[in-house]
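Per-entry structural report
The residues making up each chain are set out below.
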Amino acid sequence: IDCQRKTLLYLIIFDITERWKAEKELKFYKHLFENSLNEIYIFHPETLKFIAVNREAKENLGYGEEELKEMMPLDLKPEFTLLSFKEFLAPLTKEEQQQIIFNTVHRRKDGSLYPAEIHLEFVEFGKEKVYAELVIDMTERRKMEKELQEKNEILSTIMESAGDAIIM
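Described in the following lines is the structure provided in the data block. Computed from a predicted structure; not experimentally measured. (Residues numbered from 1 in each chain as written. Predicted model: local features only at pLDDT ≥ 70, side-chain atom pairs only at ≥ 80, totals over all residues. Heavy atoms only, no water.)

Of all hydrophobic cores here, the largest spans 26 residues; its most connected members are Tyr 41, Phe 43, Phe 50, Leu 120 and Tyr 131. Broken down by secondary-structure element, the contributors of at least two residues to this core are strand S1 (39-43), strand S2 (50-53), helix H2 (55-61), helix H4 (82-93), strand S3 (99-107), strand S4 (113-125) and strand S5 (128-137). When residues in this core are grouped by element, the largest group, 5 residues, is from S4. Apart from residues lying up to four places away in sequence, Leu 120 is in contact with Phe 43, Leu 89, Leu 92, Gln 98, Gln 99, Ile 100, Phe 102, Tyr 131, Ala 132 and Glu 133. Judged by nonpolar contacts, the second largest core, of 5 residues, contains Ile 40, Ile 42, Val 130 and Ala 132. (Core = buried A, V, L, I, M, F, W, Y, C linked by side-chain atoms within 4.5 Å. Buried < 20%, exposed > 50% of the residue type's maximum accessible area, 1.4 Å probe, protein only. Helix = DSSP H or I, 4+ residues; strand = E, 2+ residues; numbered from the N terminus. Contact = heavy atoms within 4.5 Å.)

Written as structure tokens, this is what we have:
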């Protein structure tokens, strides 16, 4: 008895162009988030715990990623209490405002403080909303402003002292 074997080959082709584009776009945005020169924080609207924190925030604050996931903005902003911070967030939560911009100080792990400009929004993330916070460390800007003010004071003193001699 001679049996012939038949082999069937099925070829299924999927077009993954859209998936590839989406993955490439996701990598791009993740790269932007992680490598921003500003600190970026995403935190939960109810627990206020950090969901994601970028590299710059971790480096400037001195905390590790696991430590930060157990923290909330209140741990960094000494002037707020839980109640005052929730009241502060209310206009965003109620969608009365799109963004809150304010100046504060942030506390690092070592206890040192630095001036910070905060841009805070309540944004949609998937099917839920989260707070997104962009933080600009103002240390260098404040230092430059102070130096400029000192130079202007010196120039003003020279101008007042010299008076007519400079004009001549």
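Time to look at the pattern of salt bridges. Under the definition given, this model contains 9 salt bridges. Across the pair Asp 137 and Arg 108 runs a salt bridge whose closest N-O atoms are separated by 3.8 Å. Separated by 29 residues along the polypeptide, Asp 137 in strand S5 and Arg 108 in the loop between S3 and S4 bring together distant segments of the chain. We classify Asp 137 as partly exposed; its relative accessible area is 29%. Given a relative accessible area of 17%, Arg 108 falls into the buried group. Linked by salt bridges that have partners in common, Lys 58, Glu 65 and Lys 69 make up one network. (Salt bridge = Lys/Arg side-chain N within 4 Å of Asp/Glu carboxyl O.)

What follows is about the environment of Tyr 41. Note on placement: Tyr 41 falls in strand S1. Overall, Tyr 41 belongs to the buried group, its relative accessible area being 0%. A C-alpha to C-alpha distance of 15 Å links Tyr 41 and Val 105, two positions 64 residues apart in sequence. In terms of polar contacts, Tyr 41 uses its side chain to reach the side chain of Glu 39, at 2.5 Å. (Polar contact = N/O pair within 3.5 Å; in protein donor to acceptor, adjacent residues only side chain to side chain.)

Attention shifts here to the pairing of S5. Sheet topology note: the S1/S5 ladder contains 5 bridges and is antiparallel. When the sheet's bridge partners are listed, Phe 43 is paired in S5 with Tyr 131. The sheet contact formed by S4 and S5 spans 10 bridges and is antiparallel. By the bridge assignment, Glu 117 is partnered in S5 with Ile 136. (Pairing = 2+ DSSP bridges.)

Following the sequence through the fold, Ser 156 ends up in helix H5 (residues 139-162). Spatially, the C-alpha atoms of Ser 156 and Phe 88 are 41 Å apart, while their sequence positions differ by 68 residues.

Moving on to the sheet that holds S4. In spatial order, the strands read S2-S1-S5-S4-S3; together these 5 strands make up an open sheet with antiparallel pairing. Of all strands in the sheet, those with a lone pairing partner are S2 and S3, marking the two edges. For this sheet, the mean angle separating the axes of adjacent strands, direction not counted, is 30°. Pairing analysis gives 9 bridges linking S3 to S4, with the strands arranged antiparallel. (Axes fitted to C-alpha atoms, helices over the stretch in contact; angles between N-to-C directions.)

Within the element layout of this structure, Glu 39 appears in strand S1. Lacking a salt bridge, the buried Glu 39 has Arg 108 as its closest oppositely charged neighbour, with an N-O distance of 6.6 Å. At 2.8 Å, the side chain of Glu 39 and the side chain of Tyr 114 are in polar contact. With sequence-adjacent residues up to four places away left out, Glu 39 is seen in contact with Asn 54, Glu 56, Ala 57, Asn 60, His 106, Tyr 114, Glu 133, Leu 134, Val 135 and Asp 137. (Lys, Arg positive; Asp, Glu negative; His and termini not counted.)

All right, on to the packing of aromatic side chains then. Summed over all chains, the structure comprises 10 aromatic pairs. Aromatic rings pair up to connect Tyr 41, Phe 43, Phe 50, Phe 80, Phe 85, Phe 88, Phe 102, Phe 122 and Tyr 131 into one cluster. (Phe/Tyr/Trp six-rings, centres within 6.5 Å; stacked < 30°, edge-to-face > 60°.)

Limitation: the analysis is restricted to geometry and does not speak to function.
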